[in-house]
Amino acid sequence: MGEAQQGDAGAGQAAQAQWQQDESGLRLRLSGDWRGGPLLPPPPEPQDSTDPLGAARPLLLHVDGQALSHFDSRLAAQLWALSRSRQQALNTEALPPGLRGMLDLAARQSAGDTPNGKRRPRWLTRIGLDWQARYRRTRDTLAFTGELLIAVYRALRGSTAMRGEDLAQQLHATGPASLPIVTLVSFLVGLIIAYMGAAQLQRLGAQAFMADLVTIGVVREIAALMTGIMLAGRVGAAFAAQLGSMQANEEIDALRALGLNPVEHLVLPRVLAMALMAPLLTTFAAVVGMLAGMLVAVGIFHVELLDYLYRSSKAITLAHAGIGLLKGTVYGVLVAMAGCRQGLHAGRSAQAVGEATTAAVVQAIIWIVIAASALTIAFQRLGW
Amino acid sequence: MVAQPQQALPAPSPLLRAEDLTLAVPGRVLQQGISFELQRGEILVLMGGSGCGKSTLLRHLIGLQTPAAGRVLYGEQDLAEADDDTLAQLRRQFGVMFQGGALWSSMTVGENVMLPLTEFSELDEDAAEQMARFKLALVGMEAAFDELPSALSGGMKKRAAIARAMALDPPLLFLDEPSAGLDPLSAASLDELILNLRDHLGTSIVLVTHELSSIFAVADRALFLDAKEKTMTALDAPRRLLETAPEAVRLFLRRGETSGSGGHA
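Note that this is a predicted model, so its numbers are computed, not measured.

(A) Focus on the sheet that holds strand β3 (residues 43-48) of chain B. Residues and elements named next belong to chain B. Judged by pairing direction, the sheet is mixed, and its six strands sit side by side in the order β6-β7-β8-β3-β9-β10 without closing on themselves. Unpaired on one side and paired on the other, β6 (94-97) and β10 (231-236) mark the two borders of the sheet. Along the sheet, successive strands turn relative to each other by an average axial angle of 15°, direction set aside. Here helix α5 (residues 154-165) sits on the sheet and contacts β6 and β7 (172-176); the angle it forms with β6, its principal contact strand, is near 170°. Across the face of the sheet, helix α6 (residues 184-201) comes into contact with β3, β7 and β8 (204-208) while running at roughly 155° to β8.

Shown next, in the form of C-alpha cells:
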C-alpha cells in the first residue's frame with residue numbers, strides 16, 4: 001500500500017507493535033515492515049478518564065507509526081477495526097501520510113454510522129411479520145383482480161387506454177409462438193393415455209372403446225390441463241419476467257407518474273391475449289392428442305380406422321367440447337393473472353425478478369389445479 | 001498488499017497503452033484513432049458528450065469488448081491476444097466500477113466486497129470482513145454492510161461498488177461515472193478518495209465522468225472524445241486544455257472551470 005518517508009532502511013525490520021499507557025491515554029507504537037498481514041496484538045483493557053466536571057468521555061486511541069517502514073491496507077483495516085470495536089477515535093497525527101489520509105477519510109465518511117450488524121427479530125416478531133406479509137400479498141392480489149375487472153369493464157365499454165399494437169404483439173407471443181411446444185406435449189400425452197387405456201381395455205377385450213377413452217379424456221380434461229401448464233411455464237413466466245424487469249427499471253412507476261394505468265397498458269393486453277388464445281390452443285391440443293391416440297389404436301392395437309373415427313365422433317358431445325374449451329380459457333386467464341400480478345409486485349433487483357418468475361409459475365399451477373378440481377366437481381354435480 | 005500476484009503486471013511504464021483503437025457497435029463506428037498511454041500513478045479522465053463512446057472505450061480497455069481495429073496493451077501484452085489464464089491474471093490487477101454499480105443482488109453489500117478478498121487473497125473470513133468494512137468505511141457505506149443492494153439508493157450502490165473495486169488494492173482502477181447521482185458532499189469525498197488512492201497507494205485511475213468539477217479536481221490529464229468527429233480531439237491537463245484545445249473542448253470545459261476552481265480539492 002505504501003511506505004513511510006524514511007525510505008527502505010526499515011524494510012528488513014520485522015513488524016513490531018507495543019501498547020503503552022501514558023497521561024494522554026492509550027498509545028500503540030508501530031515499527032518495521034507491516035506488509036503481508038501481520039496481526040496487531042490485542043490491546044490492554046481500556047481506561048476511561050474524566051474531565052474536570054467528572055463526566056466520563058471516550059479516550060482517543062493514539063497510534064504512533066513514525067517508525068513504520070512499510071505498510072499495506074491490511075494494517076489500515078486492522079486499525080480501523082480496532083477503533084470500531086473499542087468505540088474510540090484514532091489519533092492519527094503520528095502516522096505516515098498515506099495511512100493517516102486513509103484512516104482520516106474513513107472516519108470522516110463514517111461519522112455517525114453505527115456499524116453493528118442487523119439484529120435478527122425475535123420469534124414472535126418473525127411470526128407477526130410473516131402474517132403481515134401474507135396479508136399484504138392477499139390484499140395485493142385482491143386489489144389487482146379488482147383493477148383488472150375494472151379495466152375489462154372499461155374495455156367492454158370501448159373506453160380503454162389499451163393499445164391495439166400491444167394486444168397484437170401479445171396475441172402472437174401467446175398463440176402461434178406456443179404451437180411447437182403444445183404440439184409436442186399434446187402428442188406425447190395423447191400417446192400415453194392411449195397406451196395406458198388400451199392396456200387395461202385389452203384385458204377385457206374392449207379395445208374398441210379406446211376411441212371413447214382418448215377422445216373424452218383429451219377433449220374434456222387433458223388438453224385444457226396440459227395447455228394451461230405449458231402456458232404457465234412458457235407464457236406466464238415470461239409475463240412475470242417482463243413486468244418484473246419493468247418494475248426494476250422504474251418503467252411502471254413512470255406510467256403511474258404520467259397518470260397512466262399500468263393494468264390497462266400492461267396487464268389487460270396480456271390477459272385478453274391469453275383469454276383469446278387459450279381456447280384455440282386447447283382445441284389444437286385436443287386434435288393433436290386425439291390423432292396420437294388414433295395412431296396407437298390403429299397402428300399398434302389394430303383397431304379399424306373407420307370404427308375408431310365413428311366411435312370418436314359419437315363420443316364428442318357439445319358438453320364435452322364446451323367444458324374443455326371453458327376450462328382451457330379459465331386456466332389461460334389464471335396463468336396470465338398470476339404472471340402479471342407477480343411481475344407488477346416484484347422487487348427492484350435481478351433476484352427479485354427471478355423470484356417473481358418462479359412465484360408466477362407456482363401460483364399459476366396451484367390456481368389451475370384448484371380451478372380444475374372445482375370445475376370438475378361442479379360439472380359432475382350438474383350432470384354435464 | 002492483499003492481492004499477491006502484483007508481479008503479473010509487466011514492469012516498465014506506461015501501465016496501459018491504447019494504440020489506434022477503433023470502437024464499433026454493430027453497423028456503426030463510434031470512435032476511431034484513439035491512442036493514449038496511462039502512466040503509473042496517473043489519473044486519466046475520459047470525457048465527452050453523451051453517447052460519444054466513453055463507457056464503450058472503458059469496456060475495451062478492460063477486455064470486455066474487442067476493438068474493431070487497434071490494440072490495448074498492458075506492458076507488452078496485447079489484451080486481445082491474451083489467453084484465458086493471462087487475461088484472468090491481468091484482470092485481477094484492476095478494479096472496475098460499472099456505471100450502475102452492478103452489485104450482485106443476491107449478496108449483502110458486505111458479501112459483495114468480501115467476495116474478491118476471499119477468492120483472490122489469502123485472508124481468512126474475519127480478516128476479509130475487516131478489510132471489507134474498512135473499504136466500505138472509506139466510501140461512507142460501512143453501516144450498509146448487512147444490507148441487500150435492493151435496499152440502497154443509486155448513489156449508495158455506486159459507492160459500495162467503488163469499495164468492491166478497491167477491495168484487492170488493485171494498482172489500476174476503472175471507474176465509470178462514479179459521482180453521477182451523488183450529492184455534492186459525497187462527490188467531493190469521492191474526489192478526495194480518488195486523490196488519496198493516487199497519492200498514497202500509487203493507484204492509476206481511469207475515470208469516465210461528465211462531472212466537470214471532478215475533472216478539474218482530480219484529473220492529471222483528460223481525453224476528450226468528440227461524438228461528431230468520431231475521434232479524440234484533445235488529451236492534456238484540463239487547465240491546459242482550456243487554453244490550447246479545440247473550441248468544442250473549451251466550450252465543454254468552460255462551464256466546469258468556474259465550479260471546479262472554487263470547488264473541492
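Now that the structure has been shown, we can carry on.
(B) View of the packing of helix α2 (residues 97-109) of chain A against helix α4 (residues 125-138) of chain B. Contact geometry of α2(A) with α4(B) gives a least axis separation of 7 Å together with a crossing angle of 70°. The angle between α2(A) and α4(B) places the two elements in the roughly perpendicular class. Listed contacts from α4(B) to M102(A), L105(A), A106(A) and Q109(A) of α2(A) are F134(B), A137(B) and L138(B). When its residues are assigned to classes, the contact of α2(A) with α4(B) shows six nonpolar, one polar and no charged.

(C) Main features of the interface of chain B and chain A. With 26 residues of chain B in contact, the opposing surface of chain A contributes 31 residues. Elements that contribute at least two residues to the side of chain B that touches chain A include exactly α4 and α6 of chain B. It is α4(B) that contributes the most residues to the side of chain B that touches chain A, seven residues altogether. Per-class residue counts for the side of chain B that touches chain A are 13 nonpolar, eight polar and five charged.

(D) Just the confidence of the model for chain A, in detail. Residue and element names in this part refer to chain A. Scored by pLDDT, chain A has a mean of 86; 91% of the residues are at 70 or more. Across residues 5-10 the pLDDT falls below 50, and counting only partners more than four positions away or on other chains, this stretch makes six contacts in the model. Counting contacts from residues 51-57, a segment whose pLDDT is below 50, to residues more than four positions away or on other chains yields four contacts.

(E) The environment of Y308(A), seen in detail. All names here are of chain A. Note that Y308 resides in helix α9 (residues 305-315). Separated by 86 residues in the primary sequence, Y308 and I222 place their C-alpha atoms 19 Å from one another. Residues in contact with Y308, not counting those within four places in the same chain, are A211, M294, A297, V298 and V303.

(F) Seen up close, the environment of L138(B). You can see L138(B) is positioned in helix α4. C-alpha of L138(B) to C-alpha of A163(B): the two residues are 25 residues apart in sequence and 7.6 Å apart in space. Ignoring sequence-local partners within four residues, the contact set of L138(B) consists of M102(A), L105(A), A106(A), Q109(A), A163(B) and L193(B).

(G) Just helix α5 (residues 179-203) of chain A, in detail. Residues and elements named next belong to chain A. Here α5 spans 36 Å end to end across 25 residues, near enough to the 36 Å set by a 1.5 Å rise per residue. The set of residues buried in α5 consists of V182, S186, V189, G190, I193, A194, G197 and A198. Looking at the buried side of α5, the elements it contacts are α6 (210-248) and α8 (262-299). Where α5 ends, the next residue or the one after it, G205, has phi of about 70°, a positive value.

(H) Spotlight on the confidence of the model for chain B. Residues and elements named next belong to chain B. Summary statistics for chain B give a mean pLDDT of 86 and a share of 91% for residues scoring 70 or more. The weakest mean pLDDT in chain B belongs to helix α9 (residues 247-261) at 70; the strongest belongs to β8 at 95. Below a pLDDT of 50 lies the segment residues 259-265, which in the model reaches 14 contacts outside its immediate sequence neighbourhood of four places, other chains included. Scoring the predicted complex yields pTM 0.74 and, for the interface, ipTM 0.78.

(I) Spotlight on the sheet that holds strand β5 (residues 77-78) of chain B. Residue and element names in this part refer to chain B. Read from one edge of the open sheet, four strands run β2-β1-β4-β5, paired in antiparallel fashion. The open sheet terminates on both sides in strands that have one partner only, identified here as β2 (28-38) and β5. Relative to strand β4 (residues 69-74), strand β1 (residues 16-25) runs antiparallel, the two being bridged by five bridges. Considered in β4, the bridge of R17 is made with L73. Lying over the sheet, helix α1 (residues 54-61) contacts β1, β2 and β4, oriented at roughly 125° with respect to β1.

(J) Molecular detail of the nonpolar core. Residues L136(B), A163(B) and F224(B) are the most contacted members of the largest nonpolar core, which totals 104 residues. At eight residues, the largest contribution of residues to this core is made by α4(B). Ignoring sequence-local partners within four residues, the contact set of L136(B) consists of V109(B), V113(B), M141(B), E142(B), F145(B), A160(B) and A163(B). With 67 residues, the next largest nonpolar core counts A237(A), M274(A), V353(A) and A360(A) among its residues.

(K) Local environment of the packing of α6(A) against helix α10 (residues 318-344) of chain A. Residues and elements named next belong to chain A. Between α6 and α10, whose axes approach to 7 Å, the crossing angle comes to 15°. The orientation of α6 with respect to α10, classified from their angle, is roughly parallel. In this structure, α6 meets α10 at a crossing whose hand is right-handed. When grouped by side-chain class, the residues that make up the contact of α6 with α10 number 19 nonpolar, 13 polar and two charged.

(L) How the structure looks around the environment of L295(A). Residues and elements named next belong to chain A. Looking at where L295 falls in the secondary structure, it is placed in helix α8. A tally of 14 C-beta atoms within 10 Å means that L295 is categorised as partly exposed. The spatial distance from the C-alpha of L295 to the C-alpha of P41 is 82 Å, given a sequence separation of 254 residues.

Rules used throughout
- Residues numbered from 1 in each chain as written.
- Chains lettered and ligands numbered in written order.
- Predicted model: local features only at pLDDT ≥ 70, side-chain atom pairs only at ≥ 80, totals over all residues.
- Pairing = 2+ DSSP bridges.
- Helix = DSSP H or I, 4+ residues; strand = E, 2+ residues; numbered from the N terminus.
- Axes fitted to C-alpha atoms, helices over the stretch in contact; angles between N-to-C directions.
- Contact = placed C-beta atoms within 7 Å.
- Parallel < 35°, antiparallel > 145°, perpendicular 65-115°, else oblique.
- Nonpolar A, V, L, I, M, F, W, Y, C, P; charged D, E, K, R; others polar.
- pLDDT = per-residue confidence, 0-100.
- Expected span 1.5 Å × (residues − 1).
- Buried ≥ 20, exposed ≤ 12 C-beta atoms within 10 Å, placed from the backbone.
- Core = buried A, V, L, I, M, F, W, Y, C linked by C-beta atoms within 7 Å.
- Left-handed = near helix turned anticlockwise from the far one by under 90°.

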